[in-house]
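Coordinate analysis (summary)
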Amino acid sequence: MINVDSIANCVIVGRADADSVLGEPGTPGVRELTEQAIAAGMPVREILRDGLLAGMAVVGERMRNDEVFIPEVLQSAQALQAGLALLKPLFAESGVRSKGKVVIGTVEGDVHGIGKTLVGMVMEGAGFEVKDLGVDIPVEAFVSAVEAEDPDIVAMSAMLTTTMPVMKRVIDSLDEARLRPRVRVMVGGAPLTQEFADEIRADIYAPDASSAVNRMREFLGVETPV
Ligand code: B1M
């Protein structure tokens, strides 16, 4: 019987798989436990929310209190990503036609990529074509990607209060390049608010992955919320 708390605990200690030197030797890591949970029919949402993300929430709290530092947080991020990779195919709706195209990335100066990747995965699962630019993406690279890819939505993530202003620079640059009428701008990330999104003239703000998809569907006039 799989206990979702054991997945959370492995994320907390940074045990990506059974070969990891971190955590309890001889016990499974996130990869094996996630495989077992999937095989046992545990809902993806539960594995994600109560296992992987619950573990990372504890790490975030410990980081805030200076109880863990960058090397430990990186190990936890890698452990979480080992589980996320296994969930990815399960998000996909089979045989759906593209409902729109999204270019997504984390803004310059910010290397937090897990939330952005998750949002992209859920969008893909909901039938959107997603071009993931990665993390620490310069302003000009967002503008060039809009020019080259002609997406319906350009989606930006920021996890640091210090990188939030970069989103406004991207929007201003899209204006200057006269690309703004062609593309909707979506923003998200833990420190953001609707107020901030309004202030920088973003079209869409979403606090999490599923509301990101729902808000995008509303904007593009695509039905069936997730
Ligand atoms: Co950093 N970090 N980190 N970190 N990190 C935070 C964000 C922090 C809140 C930790 C803390 O103090 N408690 C804090 C930010 C404080 C602030 O500015 N308000 C912080 C800090 C300070 C830093 C450094 C500056 C630390 C230092 O060097 N002293 C440094 C900065 C590096 C840089 O970017 N230049 C740093 C580094 C790192 C690591 C590299 C070690 C690692 C990232 C590894 C990686 O991504 N590959 C890391 C991590 C893992 C975290 C925490 C612990 C977890 C983030 C995460 O992945 N969460 C984080 C604390 C926390 O958030 N609890 C923290 C899981 C993820 C699924 O959630 O990213 O929130 P999240 O995404 C959600 C929503 O936010 C939303 O949907 C997602 C899914 O529901 N969302 C969107 C995200 N993007 C969206 C886009 C959308 C819509 C919704 O539309 C486009």
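Here's a quick rundown of the structure. Along each chain, the written sequence defines residue order, and numbers are assigned to residues from 1. A pLDDT threshold of at least 70 governs which residues receive local features in this predicted model, and a stricter bar of 80 or more applies before side-chain atom pairs are shown or counted, although totals over entire chains, interfaces and linings include all residues. To get the side-chain values, take all heavy atoms of the structure and skip hydrogens and water.

Quick look at the overall build of the chain
In DSSP terms, a helix is any run of H or I states spanning at least four residues, a strand is any run of E spanning at least two, and both are numbered starting from the N terminus. Helix and strand content of the chain: 9 helices and 5 strands. Going residue by residue from the N terminus, the α and β elements of the chain occur as α-α-α-α-β-α-β-α-β-α-β-α-β-α. Scaling as 2.2 N^0.38, a compact globule of 226 residues should have a C-alpha radius of gyration of about 17 Å, and the chain matches this with 18 Å. The principal-axis extent of the C-alpha atoms belonging to the chain is close to 60 × 45 × 30 Å. To sort residues, take the accessible area from a 1.4 Å probe on protein chains only and compare it with the maximum for the residue type: under 20% means buried, over 50% means exposed, and anything in between is partly exposed. A buried classification covers 46% of the 226 residues belonging to the chain. Counting only contacts in the chain whose residues sit at least 6 apart along the sequence, the fraction spanning at least 24 positions is 67%. Accessibility throughout is a Shrake-Rupley quantity obtained with a 1.4 Å probe, and a residue counts as covered only by protein chains that appear here. By element, 53% of the accessible surface of the chain is carried by carbon and sulfur atoms, the whole surface being about 11,400 Å². Residues scored as positive are Lys and Arg, those scored as negative are Asp and Glu, and His as well as the terminal groups of each chain are ignored. Just so you know, the charge point we use is NZ for Lys, CZ for Arg, CG for Asp and CD for Glu. Between the centroid of the 21 positive side chains of the chain and the centroid of its 34 negative side chains there is a distance of 6 Å. The reference for a compact globule is 2.2 Å times residues^0.38; the radius of gyration itself is calculated from the C-alpha atoms. Contacts are assigned to residue pairs that have any heavy atoms within 4.5 Å of one another.

Details of the packing of helix 1 (residues 4-13) against helix 2 (residues 30-39)
Each axis is a line fitted through C-alpha atoms, and for a helix only the stretch in contact is used; angles between axes span 0 to 180 degrees, taken between their N-to-C directions. Put simply, helix 1 and helix 2 touch, their axes get as near as 9 Å, and they point 160° apart. Relative to helix 2, helix 1 is oriented roughly antiparallel. Crossing of helix 1 over helix 2 shows left-handed handedness. Contacts between helix 1 and helix 2 involve Ser6, Ile7, Cys10 and Val11 from the former and Val30, Leu33, Thr34 and Ala37 from the latter. Angles are sorted into four bins: roughly parallel if under 35 degrees, roughly antiparallel if over 145, roughly perpendicular if 65 to 115, and oblique for all others. For a crossing to be left-handed, the near helix must be turned anticlockwise from the far one by less than a right angle; the clockwise case is right-handed.

Quick notes on the site of the ligand
Here, proximity means that at least one heavy atom of the residue falls within 4 Å of the molecule or strand. Around the ligand there are 34 residues in total, and Gly109, Val111, His112, Gly113 and Ser157 lie nearest to it. Counted as a polar contact is a pair of N or O atoms within 3.5 Å, where, for protein atoms, one must be capable of donating a hydrogen and the other of accepting one, and residues adjacent in sequence contribute only when both atoms are in side chains. Between a nitrogen atom of the ligand and a main-chain N or O atom of glycine 60, the distance comes to 3.0 Å. At 3.0 Å from an oxygen atom of the ligand is found a main-chain nitrogen or oxygen belonging to threonine 161. Those elements that place two or more of their residues in the shell around the ligand are helix 3 (44-64), helix 4 (70-91), helix 5 (114-125), strand 3 (153-157) and strand 4 (184-188).

Some details on the coordination of the cobalt atom of the ligand
The sole protein-derived ligand of the cobalt atom of the ligand is His112 (NE2), positioned 2.2 Å away. Relative to the assigned elements, histidine 112 resides in the loop between strand 1 (101-107) and helix 5. The donor set comprises N, O and S atoms within 2.8 Å of the metal, extended to 3.2 Å for Na, K and Ca; water molecules are omitted, so apparent gaps in a site may simply reflect that omission.

Section: the pattern of salt bridges
In a structure, side chains of opposite charge can pair up when their charged atoms sit close to one another. In the sections that follow, a salt bridge refers to a side-chain nitrogen of Lys or Arg positioned within 4 Å of a carboxyl oxygen of Asp or Glu. A complete count under the given rule lists 15 salt bridges for this structure. One salt bridge in this structure joins lysine 101 and glutamate 149, with 2.9 Å as the shortest N-O distance. Taken together, the residues lysine 101 in strand 1 and glutamate 149 in helix 6 (residues 139-149) connect sequence positions 48 residues apart. Judged by its relative accessible area of 22%, glutamate 149 is partly exposed. With a shortest N-O distance of 3.5 Å, arginine 182 and aspartate 150 are connected by a salt bridge. In this pair, arginine 182 is assigned in the loop between helix 7 (164-176) and strand 4 and aspartate 150 in the loop between helix 6 and strand 3, connecting sequence segments 32 residues apart.

Concerning the pairing of strand 2 (residues 129-137)
The pairing criterion for strands is at least two bridges between them, as found by DSSP. Two elements, strand 1 and strand 2, share 6 bridges in a ladder whose sense is parallel. Of the residues in strand 2, the one forming a bridge with valine 107 is isoleucine 137. Once you follow strand 1 into helix 5 and on to strand 2, the crossover reads as right-handed. The handedness rule is simple: strands pointing away from the viewer, and a clockwise path from the first strand over the helix to the second, make the crossover right-handed.

Overview of the side chain of lysine 116
Among the structural elements, lysine 116 can be located in helix 5. When residues no more than four places from it in sequence are discounted, the contact partners of lysine 116 are Ile104, Gly105, Thr106, Asp132, Gly134, Val135 and Ser157.

As for the nonpolar core
Throughout, nonpolar core names a set of buried Ala, Val, Leu, Ile, Met, Phe, Trp, Tyr and Cys residues whose side chains join them through atoms within 4.5 Å. The biggest cluster of nonpolar side chains holds 45 residues, and the ones touching the most others in it are Leu52, Met123 and Met186. Among the elements of the structure, helix 1, helix 2, helix 3, helix 4, strand 1, helix 5, strand 3 and helix 9 (209-220) are those that each provide at least two residues to this core. The residues touching methionine 186, leaving out its near neighbours within four places in the chain, are Met123, Ile153, Val154, Ala155, Met156, Ile204, Ala206, Ala212, Arg215 and Met216. Residues Val146, Val185, Val187 and Ala202 belong to the second largest nonpolar core, which totals 27 residues.

Nothing here speaks to function; it is all geometry.
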